[in-house]
Amino acid sequence: MLREACAVDPERYAATILTPGDGGPLFDRARDEGIDVIRLRQMGGGRHVYPGADVHALRELSWHLAEHSFDVVHTHAGRAGAIGRIAAHRVGVRAIVHTLHGFPFNEFQNPATRAALRAIERRLGRITDYFLTDGSFVASEAIRLKIARPDRIRAVISPVDAVPPTSASARREARRILGIPDDAKVVGTAARLAVQKSPLDMVNAIAALRRPDVYMVWLGDGELRLDTERLIAKEGLEGRFLLAGDRDDVAFLLPAFDVFALSSLWEGLPCSLIEAMMCGIPAVATAVNSVPELVLSARTGLLARPADPRSLTRAIAYMLDHPGEAARMAEAARAEIGHKYHADRLGADLMHVYETALELAAPRAARTR
């Protein structure tokens, strides 16, 4: 959201971010960029969409949207995206745009829950003037599932911060910071400790390697930290499976990794994976949603089956045991990505989408006046 708010032309759009949160580096960066931030007190409870939307959060958000008379509301995530769109529709915001970072439903849920969440997304689609997605696969799925109309959805590049290619000195410094021996093999990831990212599958995958020379570094925190710590202890990985918590120096720590691995059950197009590939780190990821648009099997990385730790183990082991092949794939990934994920294009894309959404929404706005 911060990159988006900074990318639009301030002469044409005055951007305000509405988000939960008490602090952190992104709030400081928003202040430094001159972006207004409204901190929501009631929008807690995680990222999932619930059939009964939080009444207090809806009231709070509706009040702020009405108070500021926004022309466009652009929402993200599952629960926040649902409540945000309902609130924007409720107060008569001129145009509503939503970014689909994957879907709140997936094959690992029970059929009733999945069907209910899919139905909710379809209903929300009726009040959404335009959709953005992280990748083409998510866009095609949204159309196929009748969530978005084909003329009202666009795949937009999600930019990442510039990451220099790794070097021997950067590798040594990153390992020094993490307390990892220079001669160790290191698998790493940057993700929340949450159901979506499936950290328990990663613990099981690393345990199945049965290699005492391999360290695992997980950058990120979340509600599954305690469960992850318990499984690490059970598998005898204490001291080699490091939970480094939330970090604001991820770009400096990436060079410590020999392999970047994602165990996600569902995804949009993960920025952490893009950053690792730009850094020149061989990548392994589960074949979910738009991930295979980045990880072209055995060309720019290796794919594993989601919810299958053994599959993840085999892919990681291949990268560690075949460093020449791993380097070839990493170099191909850097060449494939090129400059596609830099921020230069984002502002123009967003403003075009906002203007299109306002134009498409005009007939509805006229009927409600």
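None of these values were measured; they are calculated from a predicted model.

S.K.: Could you clarify how one ought to interpret the overall build of the protein chain in this entry?
M.R.: Assigned secondary structure in the protein chain consists of 15 helices and 12 strands. By the compact-globule yardstick of 21 Å for 369 residues, the protein chain fits well, its C-alpha radius of gyration being 21 Å. Seen through its principal axes, the protein chain has C-alpha atoms that stretch 70 × 45 × 35 Å. Put simply, the protein chain has 369 residues, and 51% of those count as buried. When contacts within the protein chain are restricted to residue pairs at least 6 apart in sequence, those whose partners lie at least 24 apart make up 67%. When the accessible surface of the protein chain is split by element, carbon and sulfur atoms take 51% of a total near 17600 Å². The average position of the 47 basic charges and that of the 46 acidic charges among the side chains of the protein chain differ by 6 Å.

S.K.: Help me out: how do you make sense of the pattern of salt bridges in this one?
M.R.: Close approach of charged atoms allows side chains with opposite charge to pair. If you walk through the whole model with that rule in mind, you get 21 salt bridges. Residue arginine 31 is joined to aspartate 32 by a salt bridge in which the shortest nitrogen-to-oxygen separation is 3.5 Å. Measuring nitrogen to oxygen at the nearest pair gives 2.9 Å for the salt bridge that ties arginine 247 to aspartate 249. According to the relative accessible area criterion, arginine 247 is partly exposed, its value standing at 34%. Salt bridges sharing common partners tie together Asp28, Arg31 and Asp32.

S.K.: For this particular structure, what's the right way to read the pairing of strand S9 (residues 241-245)?
M.R.: Only one face of S9 is buried, namely the one carrying Phe241, Leu243 and Gly245, since none of Leu242 and Ala244 on the opposite face is buried. By the bridge criterion, 4 bridges tie strand S8 (residues 214-219) to S9 in an arrangement that is parallel. Residue pairing for S9: valine 217 is matched across the bridge by leucine 242. Considered for its hand, the β-α-β crossover made up of S8, helix H9 (residues 225-234) and S9 is right-handed.

S.K.: Sorry if this is basic, but what is going on with the pairing of strand S5 (residues 130-133) here?
M.R.: Here is the key point about a regular strand: its side chains alternate between the two faces of the sheet. Going residue by residue along S5, you find Tyr130 and Leu132 tucked away on one face and Phe131 and Thr133 tucked away on the opposite face as well. Judged from the 4 bridges that link them, strand S4 (residues 95-100) and S5 form a sheet pairing that is parallel. Bridging across to S5, threonine 99 finds its partner in leucine 132. Running through helix H5 (residues 111-125), the crossover from S4 to the neighbouring parallel element S5 is right-handed. Pairing between S5 and strand S6 (residues 153-155): 3 bridges, direction parallel.

S.K.: Even after reading the chapter, I still don't get the sheet that holds S4, so can you show me in this structure?
M.R.: Strand pairing in a sheet takes place through backbone hydrogen bonds and is either antiparallel or parallel in direction. Spatially, 4 strands are ordered S3-S4-S5-S6 in an open sheet, and the strand pairing comes out parallel. The sheet terminates laterally at strand S3 (72-75) and S6, the two strands that pair on one side only. Taking the axes of each pair of neighbouring strands and ignoring which way they run, one obtains an average angle of 20° across the sheet.

S.K.: Would you mind showing me how to read the nonpolar core here?
M.R.: The nonpolar side chains of soluble globular proteins are, as a tendency, buried together. With 35 residues, the main nonpolar core has Phe257, Phe260, Leu273 and Leu294 as its most contacted residues. Sort the elements by how many residues they give to this core and helix H11 (residues 271-278) lands first, with 5 residues. Met202, Val284, Leu302 and Ala315 belong to the second-largest nonpolar core, a separate cluster that totals 31 residues.

S.K.: Would you mind going over the packing of helix H13 (residues 309-321) against helix H14 (residues 323-337) with me for this structure?
M.R.: Packed helices, taken two at a time, are described by their axes: the angle between them and the distance between them. In the contact formed by H13 and H14, the axes pass within 5 Å of each other and the chain directions differ by 100°. Compared by their axis directions, H13 and H14 come out roughly perpendicular. Across the interface between the two elements, Tyr318, Met319, Leu320 and Asp321 from H13 touch Pro323, Glu325, Ala326 and Met329 from H14.

What counts and how
- Within each chain, residues carry numbers counting from 1 in the order of the written sequence.
- Side-chain atom pairs in this predicted model are given and counted only at pLDDT of 80 or more, local residue features only at pLDDT of at least 70, and totals for whole chains, interfaces and linings cover all residues.
- With hydrogens and water stripped out, all remaining heavy atoms of the structure feed into the side-chain values.
- The numbering of helices and of strands both runs from the N terminus, where a helix is a DSSP run of H or I of at least 4 residues and a strand a run of E of at least 2.
- Our radius of gyration looks at C-alpha atoms and nothing else; its globule reference is 2.2 Å times the residue count to the power 0.38.
- Any residue under 20% of the maximum accessible area for its type is buried, any over 50% is exposed, and the rest in between are partly exposed; the area is computed with a 1.4 Å probe on protein chains only.
- Contacts between residues were defined by any pair of non-hydrogen atoms, one from each residue, lying within 4.5 Å.
- Throughout, the Shrake-Rupley method with a 1.4 Å probe supplies accessible areas, and for residues the shown protein chains are the sole cover considered.
- Positive charges come from Lys and Arg alone, negative charges from Asp and Glu alone, with His and the N- and C-terminal ends not counted.
- Working definition for charges: the position is that of NZ of Lys, CZ of Arg, CG of Asp or CD of Glu.
- Note on definitions: salt bridges are taken to be side-chain nitrogens of Lys or Arg within 4 Å of carboxyl oxygens of Asp or Glu.
- Here, strands pair whenever DSSP counts at least two bridges between them.
- The handedness rule is simple: strands pointing away from the viewer, and a clockwise path from the first strand over the helix to the second, make the crossover right-handed.
- Where helices are involved, their axes are fitted lines through C-alpha atoms of the stretch in contact, as for all axes, and angles between N-to-C directions lie from 0 to 180°.
- By nonpolar core is meant a set of buried Ala, Val, Leu, Ile, Met, Phe, Trp, Tyr and Cys residues that side-chain atoms within 4.5 Å join together.
- Angular relationships are summarised with four words: roughly parallel below 35 degrees, roughly antiparallel beyond 145, roughly perpendicular across 65 to 115, and oblique for the angles in between.

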